[in-house]
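# Notes for the structure review
Single-letter residue listing:
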Amino acid sequence: MKRKKSIIIGGSKGNGLEILKELKMRGDYVINVSRGKNNKAHKNITLDLLDKKFLNILMSKLGKTKIDCLIFSQRYRGKKFEEEMQVMVNSCKDIINKLRNNLSEYSSVVFLSTVAIKSIADQEANYYIAQSSRDILAKYFAIKFNKNRVRFNSILPTKMIKKENNNFFNKNKKKKNLLIKINPLKKIPTSKDTAKLVGFLTSNDSRMINGESIKIDGGLNLYGQEELLTNFK
């Protein structure tokens, strides 16, 4: 079987790191594109998506390399709307268009968004606009790339346990136990659950899945108001 070449935008930590490990375990040749290096990747391309020359840097490192899987897992941590849109949305659009000829036939592109785009929680408006736009980009390109036979999907994780927040949950047992209690599966999703879904969506087993938004929340979003009021007083 042909070895897949996979690029992860933002593969140095969090969900991106778990995805990198999952795809590497599958046997992929994995390229991490981020501001920081990851020694688990086969190749690192260090760049800043706010740098006006980021596309030139990326293409100078990739050349004509054929790509089988492209995963957008980057996060913006600032508060400036224009910067957040550049990092989370515009850069994705620009990278996809620039890599049009690099993406192999039946390749797969996956965006990480959030289930929070379906409701309003405790984030700033910028966050919801950017994350919703990523979900829409997956659907847009799923149609616009039909001649290239490239698949695009988005994953919508809920609040989850990952390496970066594990200590927080260990110190806040009450909040952790509540999240377990209200989940239909009585578990809190982890970054490994996201990585497993990315693995499936970038595999040959999902060739007819295109333009979908898939939640990872154990069914939590299905609760109605009456159910919440009755069971979780």
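The following refers to the structure shown. Given the structure is predicted, the values throughout are model-derived calculations rather than measurements.

Reading guide: rules and limits
Residues numbered from 1 in each chain as written. Predicted model: local features only at pLDDT ≥ 70, side-chain atom pairs only at ≥ 80, totals over all residues. Heavy atoms only, no water. Helix = DSSP H or I, 4+ residues; strand = E, 2+ residues; numbered from the N terminus. Buried < 20%, exposed > 50% of the residue type's maximum accessible area, 1.4 Å probe, protein only. Contact = heavy atoms within 4.5 Å. Lys, Arg positive; Asp, Glu negative; His and termini not counted. Charge placed at Lys NZ, Arg CZ, Asp CG, Glu CD. Arc of directions from axis to C-beta. Salt bridge = Lys/Arg side-chain N within 4 Å of Asp/Glu carboxyl O. Core = buried A, V, L, I, M, F, W, Y, C linked by side-chain atoms within 4.5 Å. Pairing = 2+ DSSP bridges. Right-handed = clockwise from strand over helix to strand, strands pointing away. Phe/Tyr/Trp six-rings, centres within 6.5 Å; stacked < 30°, edge-to-face > 60°. Lys NZ or Arg CZ within 6 Å of the ring centre and 35° of its normal.

Now for the overall build of the protein chain. Of the regular secondary structure elements, the protein chain holds eight helices and seven strands. Taken along its principal axes, the extent of the C-alpha atoms in the protein chain is 60 × 35 × 30 Å. Split into buried and exposed, the 233 residues of the protein chain put 48% on the buried side. Considering only residue pairs separated by 6 or more positions, the protein chain has 67% of its internal contacts joining residues 24 or more positions apart. Distance from the positive charge centre (47 side chains) to the negative charge centre (21 side chains) of the protein chain: 5 Å.

Looking now at helix α6 (residues 173-182). Restricting attention to buried positions, one finds in α6 the residues Lys176, Leu179 and Ile182. Taken end-on, α6 shows its buried residues confined to a sector of 140 degrees, consistent with a single buried face. At its buried positions, α6 is contacted by α5 (166-171).

Attention now goes to the pattern of salt bridges. Taken as a whole, this structure holds six salt bridges when the rule is applied. For Asp94, the salt bridge identified is with Lys93, shortest N-O distance 3.6 Å. Overall, the relative accessible area of 33% leaves Lys93 in the partly exposed class.

This next bit is on the nonpolar core. Across soluble globular proteins, nonpolar side chains have a tendency to be buried as a group. Ranked by internal contacts, the top residues of the largest apolar core, which has 35 residues, are Leu70, Phe72, Ile95, Ile96, Val109, Phe111 and Phe152. Mapped by element, the contributors of at least two residues to this core are β1 (5-9), β2 (29-34), α2 (54-62), β4 (67-72), α3 (81-98), β5 (103-112) and α4 (125-144). With seven residues, the top contributor of residues to this core is α3. Ignoring any residue separated from it by four or fewer positions in sequence, one finds Ile95 in contact with Ile9, Leu49, Phe54, Leu55, Leu58, Leu70 and Phe72. Among the nonpolar cores identified, the runner-up in size contains 16 residues, and Val30, Leu197, Leu201 and Ile216 belong to it.

The subject of this paragraph is the pairing of β4. The buried fraction of β4 is high, at six of six residues. Note: β4 against β5, five bridges, orientation parallel. Bridging from a neighbouring strand, Phe72 pairs with Phe111 of β5. With respect to chirality, the unit in which β4 leads through α3 into the neighbouring parallel β5 is right-handed.

This paragraph deals with the packing of aromatic side chains. One pass over the full model with this rule turns up six aromatic pairs. Each ring, one from Phe72 and one from Phe111, has its centre 5.1 Å from the other, and the planes form 15 degrees; the classification is stacked. With Phe72 in strand β4 and Phe111 in strand β5, the pair connects residues that are 39 residues apart, well separated along the chain. One exposure class covers both Phe72 and Phe111, and it is buried. Seen in terms of ring centroids, Phe145 and Phe152 are 5.2 Å apart; in terms of plane orientation they differ by 70 degrees. Their pairing is edge-to-face. For Phe145, a relative accessible area of 0% puts it in the buried group. Since its relative accessible area comes to 0%, Phe152 is described here as buried. One aromatic cluster is present, built from ring pairs that chain together Tyr140, Phe141, Phe145 and Phe152. The ring centre of Phe145 lies 4.1 Å from the NZ or CZ of Arg100, which sits over that ring.

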